[in-house]
Amino acid sequence: MRWRTGGRPTVVNAELPKAARDLLPDLGRFVTLIATLLGVSVGTLYNHIPDLHELRVAPPKASEPNPRKSC
């Protein structure tokens, strides 16, 4: 039996998941925009960052109260 080698080369290196995680906290950026900035597809991001969905739906951190808001 012959073993076949080859196939499509991967575009993912060690820095891609790190760069994507650095861009995630900015809630103004969508996953599609992050994928475009990194030059990969959205599916590639979800395949290589398994907790991507949980990172995106995490509640925003509590910020300081708005001083203009009256109670």
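Since this is a predicted model, take the numbers as computed values, not measurements.

**A look at helix H2 (residues 31-38)**
- Taken together, the buried positions of H2 are occupied by Val-31, Ile-34 and Ala-35. Each buried residue of H2 sits inside an arc of 100° when the element is viewed along its axis, so together they form one side. In H2, those exposed residues whose orientation departs by more than 90 degrees from the buried face are Thr-36 and Leu-37.
- Directly after H2, the chain includes Gly-39, whose backbone phi takes a positive value near 80°.

**What about the pattern of salt bridges?**
- Per the stated rule, a full pass over the model turns up one salt bridge.
- Here Asp-51 ties to Arg-21 by a salt bridge, and the two come within 3.1 Å at their closest N and O atoms. Here the residue Asp-51 occupies a position in the loop between helix H3 (42-48) and helix H4 (52-57), and Arg-21 occupies one in helix H1 (residues 15-23), the gap between them amounting to 30 residues.
- For Asp-51, a relative accessible area of 29% gives the class partly exposed.

Criteria and cut-off values
- Residues numbered from 1 in each chain as written.
- Predicted model: local features only at pLDDT ≥ 70, side-chain atom pairs only at ≥ 80, totals over all residues.
- Heavy atoms only, no water.
- Buried < 20%, exposed > 50% of the residue type's maximum accessible area, 1.4 Å probe, protein only.
- Helix = DSSP H or I, 4+ residues; strand = E, 2+ residues; numbered from the N terminus.
- Arc of directions from axis to C-beta.
- Salt bridge = Lys/Arg side-chain N within 4 Å of Asp/Glu carboxyl O.

So far we have only geometry, and geometry alone does not tell us how the molecule works.
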